[in-house]
Every structure is written in structure tokens, then in C-alpha cells.
Amino acid sequence: MSDAKEFTLKEIEGHNTKKDLYMVIHDKVYDCTSFVDEHPGGEEVLLDVGGQDGTEAFEDVGHSDEAREILDGLLVGNVKRMPGDPEPKAHAAAASGSSSSSSGGAAGFGVGLYGIILIGGAIAYGVYNYLEAQKAQQ
Ligand code: HEM
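What counts, and at which threshold
Residues numbered from 1 in each chain as written. Predicted model: local features only at pLDDT ≥ 70, side-chain atom pairs only at ≥ 80, totals over all residues. UniProt positions renumbered as here; feature names shortened; annotations may be inferred. Helix = DSSP H or I, 4+ residues; strand = E, 2+ residues; numbered from the N terminus. Buried ≥ 20, exposed ≤ 12 C-beta atoms within 10 Å, placed from the backbone. Contact = placed C-beta atoms within 7 Å. Near = placed C-beta within 6 Å. Nonpolar A, V, L, I, M, F, W, Y, C, P; charged D, E, K, R; others polar. Pairing = 2+ DSSP bridges.

The name given to the chain in an unreviewed UniProt entry is Cytochrome b5 heme-binding domain-containing protein, with Penicillium angulare as the source organism. Heading Sequence similarities (unreviewed entry) of the UniProt record for the chain holds this comment: "Belongs to the cytochrome b5 family."

Put into C-alpha cells, the structure is as follows:
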């Protein structure tokens, strides 16, 4: 990967025809030319994002792992961001961020739940002892 080619957005923009089709997904550059005719979703959608950032379009469909493997085979390089270029599409970061935060949240909820059970148990035990003591006094 050390000899990965770098493409500026300007360079990628030029590859937007069916016979020469590049696409950016998660800041990597893919040459989809050989795949256009084989895409199960049709050539139209690929041409729509030809020469552009297709991260959102690609992720919105919820492509399978198999689709991602095909993508790996089409990789030609990385995006070289120039000053003034638009920020990378946030989809990747948002997706991984939300999944990690949701799993963090789930863990937090798990710990909180244990806490509630423990405290609830302690209170119940206290009440039980108190009632027993009351009973003993009578
Ligand atoms: C080079 C990039 C892409 C590759 C390698 C790819 C690959 C695939 C593959 C293998 C499938 C079959 C279902 C699956 O395995 O998930 C699929 C379905 C589909 N793709 Fe893509 N895709 C790419 C880009 C896109 C883009 C940019 C769009 C834009 C919206 C798109 C839209 C769709 C749709 C709508 C389907 C569903 C077709 C159906 O089930 O009838 N794909 N794609």
C-alpha cells in the first residue's frame, strides 16, 4: 500500500463516463469501469456518482460484504485532498462513531442495570432485616 497512487478531486472528476469511471468511497478511489455493466443495481446509479464522492450513495443502499470485496478489487488509490477541497463525506465517521457510541451506551446501560439491581437488592435486604427486627420486638 506504500505505493498507493494519489488522486486529487479534480483528477477524479474527469473520470465520469461509462468507459472511464472513477468513484470515491470513504476517501479511496475506485475504478468502476469494468464493473459498470455487472452492477446489480444498474449502470445508471454508478454513472450518477461517476467522478464524485459516492460514499453516501454506496452506504445508503446497505451493500453486502460481497459488494465491499468487489470494491476492494477496484481500488486504484487514495484521495489527495487539496486546500479548499470539500471535507470527506461524513458518512463513514458517523456510521462508525454511532456504532461505537451505541455499543458504549449499551455497556453503560449494562453497568447501570447491574447497579440498580445491586442497590435494589441491598434495599430489599435492609427492609427485610428491619421487618424481621420489628417482628422480633413484638
Ligand atoms: C463500485 C461501487 C459499487 C459496487 C462494487 C457495488 C456492488 C453491488 C453489488 C454486489 C450489489 C448486489 C447486492 C449486494 O451484494 O449488496 C449491488 C446492489 C445495488 N447497488 Fe451497488 N455497488 C456499487 C456502487 C453503488 C452505488 C454508488 C449505488 C448508488 C445508489 C448503488 C446502488 C445499488 C442498488 C440500488 C443495489 C440494489 C439492486 C437490487 O437489489 O435490485 N451501488 N451493488
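Caption draft 1: Representation of the overall build of the chain in the model. Looking only at helices and strands, the chain features five helices and five strands. Helices and strands appear in the chain in the N-to-C order β-α-β-β-β-α-α-α-β-α. Going through the 138 residues of the chain one by one, you find that 14% of them count as buried. For the chain, long-range pairs separated by at least 24 residues make up 73% of all intrachain contacts whose partners lie at least 6 apart in sequence.

Caption draft 2: Region of interest: the UniProt feature "domain: Cytochrome b5 heme-binding" (unreviewed entry) in the chain. UniProt's feature table lists "domain: Cytochrome b5 heme-binding" (unreviewed entry) at residues 4-80, given in the numbering used throughout. Across residues 4-80, the secondary structure splits into 36% helix and 29% strand, with the terminal C-alpha atoms separated by 11 Å.

Caption draft 3: How the structure looks around the environment of glycine 50. Checked against the element boundaries, glycine 50 lands in the loop between helix H2 (43-48) and helix H3 (55-61). For the pair formed by glycine 50 and alanine 133, sequence separation is 83 residues and the distance between their alpha carbons is 79 Å. Not counting chain neighbours up to four residues away, the residues in contact with glycine 50 comprise His15, Asn16, Thr17, Leu21 and Met23.

Caption draft 4: Structural detail: the site of the ligand. Taken together, 21 residues lie near the ligand, and Gly41, Val45, Ala57, Ser64 and Ala67 sit nearest. Looking at the shell around the ligand, the elements that each hand over two or more residues are H2, H3 and helix H4 (65-74). Broken down by element, the residue count for the shell around the ligand peaks at five residues, all from H4. When grouped by side-chain class, the residues that make up the shell around the ligand number 15 nonpolar, five polar and one charged.

Caption draft 5: Representation of the environment of alanine 133. On the secondary structure map, alanine 133 appears in helix H5 (residues 91-137). Residue classification places alanine 133 among the exposed residues on the basis of 9 C-beta atoms within 10 Å. Between the C-alpha atoms of alanine 133 and alanine 4, which are 129 residues apart in sequence, the distance is 77 Å.

Caption draft 6: Layout of the pairing of strand E3 (residues 20-25). Burial runs high along E3: five of the six residues are buried. Here strand E2 (residues 16-17) pairs with E3 via two bridges, running antiparallel. If you follow asparagine 16 over to E3, its bridge partner there is leucine 21. Counted along the chain from E2 to the antiparallel partner E3, the turn is two residues long. Relative to strand E4 (residues 28-31), E3 runs antiparallel, the two sharing four bridges. By the bridge assignment, isoleucine 25 is partnered in E4 with lysine 28. Once E3 ends, the chain turns through two residues before running back antiparallel as E4, passing histidine 26 with a positive phi of about 50°.

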